[in-house]
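Each chain, letter by letter, is given below.
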Amino acid sequence: MPNNLAYFMLMTWPLVTLWLFRRLPIERAILWSILAGYLILPPLAEFDLPLIPDMDKFTIPSVAAFLVCVFGFKKPVPLWPRHPVARLLVAVFVMSVMPTVFTNGDPILFRVIENSDPIVFVTDALPGLRWRDFGSVMINQLIVLLPFFMARRYLSTETGLRELLLALMLGGLFYSIPSLIEVRLSPQMNVWVYGFFQHSFEQMMRQGGFRPIVFLPHGLWLAFFLMSSVLAATALARAAQGGDRVRMALAVGYLFWVLVLCKSLASLAYGLAFTPIIALAPLRWQLRFALVLALVAVIYPMLRNLGLVPIDLILAQAESISAERAQSLNYRFENERILLERAAEKPWFGWGGWGRNLVRHIETGQILSVPDGRWIITFGAFGRVGYIAEMGLLAAPLVLLAVQVRRRHVRDISPFVAPIALILALTMLDMLLNATLIPFTWICAGAVLGYAERLQYQDFDRSKPALFGGTQVMTEASTSGQRSIM
């Protein structure tokens with residue numbers, strides 16, 4: 001169980017957020033209030049309040065940053081994107097919970113039926129969804145998108161994009177210290193600080209040693225974060241000059257060494273494959289790779305349903321690397337299969353919350369399935385419509401950015417936007433294996449969408465006549481080559 005310090009940290013994080021906004025530029029304040037909360041706050045600890053979603057390390061930093069930004073410092077955050085496709089996806093993401101709630105009003109009962117009479121004993125039950133669940137789920141959907149909205153407004157400029165990559169790199173450097181301690185001494189940081197271990201200790205043992213977890217939900221999440229830090233540092237090194245480039249290159253090498261020690265095959269493979277691409281490939285090619293990865297992530301459920309995913313071939317390749325990894329991957333595929341069968345019973349709007357999307361024993365209610373990938377969780381809970389809305393909001397910025405980049409010379413495009421797009425696409429791909437959708441993922445998506453909107457609408461805005469008189473309307477952002485997206 002979390003100790004008192006864990007709950008104290010959650011309660012005081014809004015004050016930390018206020019301090020960050022008072023001391024830092026708005027780009028850094030938004031980034032560090034959310035990223036530092038993700039890295040430092042305790043996992044699993046939460047406040048269960050009535051009629052609103054559970055407040056934990058994911059929701060508290062997002063809500064605190066939004067409220068301080070809008071009400072504390074009077075910085076507007078539009079909740080409505082400018083591009084019509086993005087508007088539609090936001091509306092569906094928020095409103096699709098309505099049919100999900102209204103089609104899951106019946107409780108799920110688990111019963112033992114005796115042969116005599118017969119006599120039925122109800123052993124357990126999952127509640128049906130009611131109107132209050134509709135309000136709670138809709139509020140949760142809005143909270144999820146708060147980092148997306150803030151990033152679209154304030155992190156989609158050249159400065160904001162660079163600050164985003166810099167935050168990822170510095171966060172990785174900071175987290176490398178407790179990570180190395182756990183590699184050497186075993187994963188104990190969360191026990192020492194917050195009084196409990198947040199996952200299965202056995203899963204942190206690999207290759208005769210340990211992989212770190214620190215204050216994150218799983219060691220795989222930490223490895224993926226460090227991989228993102230490696231890619232961010234690589235992008236900054238490529239854009240740097242002189243001595244700064246040398247320092248950035250050293251940071252890349254150091255972070256990659258820590259990534260190797262995390263003993264996560266998938267994240268290491270991502271790093272090996274895409275670090276050279278960010279370091280050497282042209283911007284357009286980076287975006288093409290991002291689009292391919294996003295496409296695979298979006299259509300994977302359809303391919304899985306049609307039996308077009310070469311599972312046997314994938315398992316054979318995994319077996320050639322490690323029998324233990326092949327067994328783990330096969331376990332994931334088997335759980336996907338039974339969860340897809342469950343999701344097929346309510347294909348369009350899903351089963352909703354309370355674990356209704358899980359496969360359980362018909363008599364005892366014991367959970368028989370473990371959903372690892374974010375995609376199968378969303379697919380089971382919110383159906384095809386919810387899945388399309390969520391993955392669409394993550395993929396649409398990449399598509400819109402690629403369209404705008406094709407219309408412009410590469411020198412007119414920020415060197416920082418393509419690496420962020422690639423990190424976003426890799427997160428979408430990893431969501432097929434793990435539930436690694438975090439607030440910072442939405443920050444990346446919002447920043448890319450905002451930048452694409454700036455590119456699309458800046459020419460129109462610069463030539464638009466003012467409401468009074470014939471002079472051009474020039475916002476503060478457009479005078480420096482970027483338009484306001486208010």
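The rules we used
- Residues numbered from 1 in each chain as written.
- Predicted model: local features only at pLDDT ≥ 70, side-chain atom pairs only at ≥ 80, totals over all residues.
- Heavy atoms only, no water.
- Domains from an automatic or database assignment.
- Contact = heavy atoms within 4.5 Å.
- Buried area = accessible area lost by both parts, 1.4 Å probe.
- Salt bridge = Lys/Arg side-chain N within 4 Å of Asp/Glu carboxyl O.
- Patch = residues over 30% accessible without salt bridge, like charges linked within 9 Å, V, L, I, M, F, W, Y side chains within 5 Å.
- Areas by Shrake-Rupley, 256 points an atom, 1.4 Å probe, with all protein chains shown as cover.
- Helix = DSSP H or I, 4+ residues; strand = E, 2+ residues; numbered from the N terminus.
- Phe/Tyr/Trp six-rings, centres within 6.5 Å; stacked < 30°, edge-to-face > 60°.
- Buried < 20%, exposed > 50% of the residue type's maximum accessible area, 1.4 Å probe, protein only.
- Expected span 1.5 Å × (residues − 1).
- Arc of directions from axis to C-beta.
- 1 Å grid on protein atoms, 1.4 Å probe; cavity = no way out; pocket = protein on both sides within 12 Å on 5 of 7 lines; lining within 4 Å.
- Points joined across faces, edges and corners; volume = space filled by probe spheres on them.
- Nonpolar A, V, L, I, M, F, W, Y, C, P; charged D, E, K, R; others polar.

Caption draft 1: Representation of the domain arrangement of the protein chain. Domain parsing of the protein chain yields domain 1 (88–127 + 285–458) and domain 2 (158–280). Using C-alpha coordinates to define each centre, domain 1 is positioned 24 Å away from domain 2. Listed per partner, the contact involves 29 residues of domain 1 and 26 residues of domain 2. Summing both partners gives a buried area of about 2,500 Å² for domain 1 against domain 2, and 78% of it is carried by carbon and sulfur. At the boundary of domain 1 and domain 2, one finds zero salt bridges.

Caption draft 2: Local environment of a nonpolar patch on the surface. Where nonpolar side chains cluster on the molecular surface, the patch consists of Ile-177, Ile-181, Leu-185, Val-191 and Trp-192 and spans about 460 Å² of accessible area. Where the nonpolar patch is concerned, the elements lending two or more residues are helix 7 (158–185) and helix 8 (189–194). The biggest single contributor to the nonpolar patch is helix 7, with three residues. Mapped onto the elements, Ile-181 comes out in helix 7.

Caption draft 3: Summary view of the packing of aromatic side chains. Under the counting rule described, the total for this entry stands at 20 aromatic pairs. Seen from their ring centres, Tyr-175 and Phe-225 are 6.2 Å apart, and the 85° between their planes marks the pair as edge-to-face. Here Phe-225 lies in helix 9 (residues 219–239) and Tyr-175 lies in helix 7, a separation of 50 residues in the sequence. Like Phe-225, Tyr-175 is buried. Taking 5.2 Å as the distance between ring centres and 80° as the angle between the ring planes, the aromatic pair formed by Tyr-300 and Trp-375 counts as edge-to-face.

Caption draft 4: Summary view of unusual backbone geometry. The phi dihedral of Leu-44 is positive, around 70°, even though this residue is not glycine. As for its placement among the helices and strands, Leu-44 is situated in the loop between helix 2 (26–40) and helix 3 (59–72). On the basis of relative accessible area, Leu-44 is assigned to the exposed category, the value being 60%.

Caption draft 5: Local environment of helix 4 (residues 84–95). Over its 12 residues, helix 4 extends 16 Å from the first C-alpha to the last, a length consistent with the 16 Å expected when each residue adds 1.5 Å. Within helix 4, the full set of buried residues consists of Ala-86, Leu-89, Val-90, Phe-93 and Val-94. Projection of helix 4 onto a plane perpendicular to its axis shows the buried side chains occupying an angular sector of 125°, all on one side. Facing away from the buried side of helix 4, by more than 90 degrees, are the exposed residues Pro-84 and Leu-88.

Caption draft 6: Structural view of empty space enclosed by the protein. Counted under the stated rule, the structure contains two cavities of 30 Å³ or more. Of the voids in this model, the largest cavity is the one considered here, and its volume is about 150 Å³. Breaking the lining of the largest cavity down by element, the ones donating at least two residues are helix 9, helix 16 (417–430) and helix 17 (439–463). No other element matches helix 9, which puts four residues into the lining of the largest cavity. Grouping the constituent residues of the lining of the largest cavity by class yields 10 nonpolar, four polar and no charged. Taken domain by domain, the makeup of the lining of the largest cavity includes at least three residues from each of domain 1 (88–127 + 285–458) and domain 2 (158–280).

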